[in-house]
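Each chain, written out:
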Amino acid sequence: MAGRVGMITKALTILLSFGAGIDKTQACTTLVASGRATVDGRPLLWKNRDYWQRHNELIRDDSGKYTLIGITNAGAFRSIRMGVNTAGLCIENSTSRDLTGEVTTGPLNGQLIRMGLQTCATVQEFEELLKSTNATGRRTRGNFGVIDAHGGAMMFEVGPNYYRDFDANDPEDAPLGFIVRSNFSETARNQKPEADRAIESLYSSERYLRAYQLCETRLATSKLDLKFILHEVCRDIDGPAVCDFGCPLQPAADEVPAFETSSTLNRSMTVSAVVFQGVTPGESPTKTTMWSILGEPFFSVAIPAWAAQDKVASCLDGPVSSSLCDLSLQLRQANYEPDGKRILTSNLPPIADQIRELENELIDETDRAVQTSGFDPVKLHTKAANAATQLLTDLTQSIANTNSQSANARNQPDPHIDFRFEDKNGTRLTSTLDTAGASSWDGGMTDCTVWNGSFRIRRNDENPVTRYLELTPRIRTTFNDARDPKVDRAWLVIEVAGWNFQGVTPNEVVRLGFTSQPDKDIHTVGLVIERTDRDAVSVSGVAFGEGGSPINSSIKWPAVQSEPVTFALELDKARGNPDEGETGGMYRIFYRKAGDKEFTPIGEAGTVRRLRNGNAMHFRTSGFFGFDNEYFDIDRIYYCHPLQ
């Protein structure tokens, strides 16, 4: 053993330094272990998925030669991120952008996984798929872990038109019977000089070394098994002190209450995970088990699934997203600092204990059932999903009750732009003060100025006028080229003192919304207040471009509104965004009348064009506001986002 450890350590020290250019929004950690490294001779395949899209779900797809069950972004079906088919083949991947080559056509990483699961039964057949797509091209740069029902356990480093294979059954490739990958490749090592091969300078080397160390240490005294991978590897956050999941123990008052998890195995950006249990040669491929975790592993439960089952539990595959994943996101939010990067330690031990206890029960029950000849996969799967839902519900409620005051404080919106219009009378829009910062509008509006603490819209011109204001942070799922601060979700809020639409001609419009490219007048969504008839005003939502949908409402507002009312426009670029197709995100509108404690939604949520973001705010008026006593008074316009 000592000789092998030395050989592995030496090999690690000569890995290349090649982290630049890797897309860290698609960075995962993975492991494939052959049967010779496991307690029962069944191969294991693990992946922690790191991505911006936290809404993941489990789907069943029977449209190919083989039926598959896999994890996808919620609402996405063309790309499978990790999955198993009825032949017992399991595939997953991690991004490795250091694999060179340029191809503009062919399948992406997730599409290649789907192709493999639909058409291949063995590791060898998947390799044949790689050979055939070498010629036609792929838009792939990744490490693909694959196991099958015949003992195959491989890691393929797959570039656009080439691949390299590593066999976990081969002592030359895997001296200890397992292979780890994060976000760099062995293939690229040969393309760099010796001086550039220090592992410490590689992006993702911390995760690679940590996963390797955990498994290497385990094999010194035992072998790998499902519980070890789920509890000690998948959920490892390697804190200052550890409990069952590798989490920090509850600190004393003078100890560290939170720490950053950007480079741990269970990361702040880990959105789902999976461990596949293969079968031994001769066993039925349908017994290959997929243990799926929707949500950050530390705050969710592994659910068993089999490709042969005829349906997926509704809490894992809902009409919009997985309700179990949504629960996990709530639990996660309650246990992270507002920036979403530093994990809070006080609640982690009881969370770890209860999740571990439930998973051990599920694993033991599943092991017993799989050994029988007529086990019911749907029954086991559904029972586990229901038990996980109940536990996450209880944990979320318990922590909310225990920490209600601090949780409420963390969840309060934080205005980043705030116009209260307390300027002197006659101040134009462009000169009004932003009390939350230095942001200012790009111009004024004719005949529209501050009047007695409100911004009064009165216009003698029917032509539309639109003013813009750059937002910080921007509402996006990925960074723009300038890497400006961003959030996934935020609100525009307009507090209206009142209005009088008693002019002869209707169709006066006030619109407040989000814009993607203000220099080109390319808008995303808007809250529209419009007089539609002599005595009727509507409040609706508008979305621009293919993939967007309107929000309509049957509520009619009076032509004269004398009581204050607040309207809010929410833009969420993560929820309802499958990261494929034209639709990408959702928006909602709300109102709250004077004296109301809560906001009331208006209509149903609308969809957003995927390629349009909230980079700026637009304020638009059209129509004639110049009749006697006609006005629209705004007390406040502000921009805020949830602290997460």
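Residues numbered from 1 in each chain as written. Predicted model: local features only at pLDDT ≥ 70, side-chain atom pairs only at ≥ 80, totals over all residues. Heavy atoms only, no water.

Participant: Tell me about the overall build of the chain, residues and numbers included.
Facilitator: Assigned secondary structure in the chain consists of nine helices and 30 strands. Buried positions account for 58% of the 644 residues belonging to the chain. The contacts of the chain with a sequence gap of at least 6 include a subset with a gap of at least 24, amounting to 69%. Accessible area of the chain: about 25,200 Å², with a carbon and sulfur share of 47%. (Helix = DSSP H or I, 4+ residues; strand = E, 2+ residues; numbered from the N terminus. Buried < 20%, exposed > 50% of the residue type's maximum accessible area, 1.4 Å probe, protein only. Contact = heavy atoms within 4.5 Å. Areas by Shrake-Rupley, 256 points an atom, 1.4 Å probe, with all protein chains shown as cover.)

Participant: Any details on helix α3 (residues 123-136)? Residues and values, ideally.
Facilitator: Across its 14 residues, α3 extends 20 Å between first and last C-alpha, which sits within 8% of the 20 Å expected from 1.5 Å per residue. By the burial criterion, the buried members of α3 are Val123, Phe126, Glu127, Leu129, Leu130 and Thr133. With its buried residues spanning 150° around the axis, α3 presents them on a single face. Among the exposed residues of α3, those pointing more than 90 degrees away from its buried face are Gln124, Ala135 and Thr136. Those residues of α3 hidden inside the fold are in contact with β6 (90-95), α2 (109-119), β7 (142-147), β8 (153-158) and β9 (163-167). Positioned one or two residues after α3, Gly137 has a phi angle of 100°, which is positive. (Expected span 1.5 Å × (residues − 1). Arc of directions from axis to C-beta.)

Participant: Could you give an account of the side chain of Asn613, naming the residues involved and the relevant values?
Facilitator: Inspection of the secondary structure assignment puts Asn613 in the loop between β28 (600-609) and β29 (614-622). Overall, the relative accessible area of 12% leaves Asn613 in the buried class. In this structure Asn613 touches Ile475, Arg476, Thr515, Ser516, Thr524 and Lys573, once residues within four positions along its chain are discounted.

Participant: Explain the sheet that holds strand β24 (residues 536-543) to me, using residue names and the numbers behind them.
Facilitator: What the six strands build is an open sheet, ordered β20-β19-β29-β22-β23-β24; its pairing is mixed. Edge positions in the sheet fall to β20 (486-487) and β24, since each of these pairs with one other strand and no more. (Pairing = 2+ DSSP bridges.)

Participant: Explain the pairing of strand β21 (residues 489-500) residue by residue, including any values.
Facilitator: Each regular strand shows side chains that alternate between the opposite faces of the sheet. With respect to burial, β21 is a largely interior element, 10 of its 12 residues being buried. Note: β21 against strand β26 (residues 565-572), eight bridges, orientation antiparallel. Among the inter-strand pairings, Ala490 is bridged to a residue of β26, identified as Leu571. Across nine bridges, β21 lies against strand β30 (residues 631-641) in antiparallel orientation. Directly across from Asn500, in β30, lies its bridge partner Tyr631. Both β21 and strand β25 (residues 560-561) contribute to a ladder of two bridges, which runs antiparallel. Among the inter-strand pairings, Trp499 is bridged to a residue of β25, identified as Gln561.

Participant: How would you summarise the confidence of the model for the chain if you had to cite specific residues and measurements?
Facilitator: In the predicted model, the chain carries a mean pLDDT of 90, and 90% of its residues have values of at least 70. The low-confidence segment residues 249-254 (pLDDT under 50) makes 11 contacts with residues lying over four places distant or belonging to another chain. Predicted confidence for residues 405-411 stays below pLDDT 50, and this span has eight contacts to residues more than four positions away or in other chains. (pLDDT = per-residue confidence, 0-100.)

Participant: So what about the pattern of salt bridges? Which residues, and what values?
Facilitator: On inspection of all chains with the given rule, the structure shows 28 salt bridges. Between Glu365 and Lys383 there is a salt bridge, with the nearest N and O atoms lying 3.0 Å from each other. Highlighted residues: Glu365 in helix α7 (residues 348-370) and Lys383 in helix α8 (residues 377-402), separated in sequence by 18 residues. Lys383 gets classed as partly exposed once you look at its relative accessible area, which sits at 47%. Salt bridges here are not isolated pairs; linked through shared partners, they connect Asp418, Arg420, Glu495 and Arg636. (Salt bridge = Lys/Arg side-chain N within 4 Å of Asp/Glu carboxyl O.)

Participant: Can you explain the packing of aromatic side chains? Please cite residues and give values.
Facilitator: Aromatic rings in a pair are described by how distant their centres are and how their planes are angled relative to each other. Within this structure, the stated rule accounts for 24 aromatic pairs. Here Trp557 and Phe567 contribute two aromatic rings whose centre-to-centre distance is 5.4 Å and whose plane-to-plane angle is 70°, an arrangement assigned as edge-to-face. Residue Trp557 is found in the loop between β24 and β25, and its partner Phe567 is found in strand β26; the two are separated by 10 residues along the sequence. When sorted by exposure, Trp557 lands in the same class as Phe567, which is buried. Grouped by ring-pair contacts, the aromatic residues Trp499, Phe501, Trp557, Phe567, Tyr591, Phe625 and Phe632 constitute a single cluster. Geometry around Phe166 places Arg181 over its ring, the cationic atom sitting 4.8 Å from the centre. Sitting over the ring of Tyr638, Arg636 keeps its end group 3.8 Å from the ring centre. (Phe/Tyr/Trp six-rings, centres within 6.5 Å; stacked < 30°, edge-to-face > 60°. Lys NZ or Arg CZ within 6 Å of the ring centre and 35° of its normal.)

Participant: I'd like a description of the nonpolar core, backed by residues and values.
Facilitator: Judged by nonpolar contacts, the single largest core of 82 residues is most densely connected at Trp46, Phe178, Leu224, Phe276, Val301 and Leu316. Beyond its immediate sequence surroundings of up to four residues, Val301 is in contact with Arg235, Ser292, Ile293, Ile355, Leu358, Glu359, Leu362, Ala388, Leu391 and Leu392. If you look at the next biggest cluster of nonpolar residues, it comprises 49 residues, including Met445, Ala490, Ile529 and Val608. (Core = buried A, V, L, I, M, F, W, Y, C linked by side-chain atoms within 4.5 Å.)

Participant: Any details on the sheet that holds strand β14 (residues 303-305)? Residues and values, ideally.
Facilitator: Backbone hydrogen bonds are what pair the strands of a sheet, in a parallel or an antiparallel way. The strand order β10-β1-β2-β12-β13-β14 describes an open sheet built from six strands, whose pairing is antiparallel. With partners counted over all chains shown, the strands left at the sheet margins are β10 (178-181) and β14, one partner each. Across this sheet, the average inter-strand angle for adjacent strands is 15°, counted without regard to direction. Sheet analysis places strand β12 (residues 270-277) next to strand β13 (residues 289-294), joined by six bridges and oriented antiparallel. Opposite Gln277, over in β13, you have Thr289 as the bridge partner. The strands touched by α7 are β12, β13 and β14; relative to β13, the strand with the most contacts, the crossing angle is about 155°. (Axes fitted to C-alpha atoms, helices over the stretch in contact; angles between N-to-C directions.)

Participant: Describe the pairing of β8, and please don't skip the residues or the numbers.
Facilitator: By the criterion of burial, β8 is predominantly enclosed, with six of the six residues buried. Judged by which residues are buried, β8 turns out to be covered on both faces: Ala153, Met155 and Glu157 on one side and Met154, Phe156 and Val158 on the other are all buried. As judged from the six bridges shared by β7 and β8, these two strands associate in the antiparallel manner. What sits directly across from Val146, in β8, is Met154. As consecutive antiparallel partners, β7 and β8 are separated by five residues, and within that stretch Gly151 has a phi angle of approximately 90°, a positive value. Pairing between β8 and β9: five bridges, direction antiparallel. Of the residues in β9, the one forming a bridge with Met155 is Phe166. Where β8 hands over to β9, the hairpin turn is made up of four residues, counted between the paired strands.

Participant: Before we move on, can you summarise the side chain of Thr261 with the specific residues and values?
Facilitator: Counting through the fold element by element, Thr261 comes out in the loop between β11 (258-260) and β12. Apart from the residues within four sequence positions on either side, Thr261 is in contact with Ile237, Asn266, Arg267, Ser268, Tyr336, Lys341 and Ile343.

Participant: Outline unusual backbone geometry, listing residues and values.
Facilitator: The omega angle of the peptide bond from Thr472 to Pro473 is -5°, so this bond is cis rather than trans. Within the secondary structure, Pro473 sits in strand β19 (residues 465-475). One non-glycine residue with positive phi stands out, namely Arg483, at about 55°. Mapping Arg483 onto the fold places it in the loop between β19 and β20. For Asn507, which is not a glycine, the phi torsion comes out positive at approximately 80°. Among the secondary structure elements, Asn507 is positioned in the loop between β21 and β22 (509-517).

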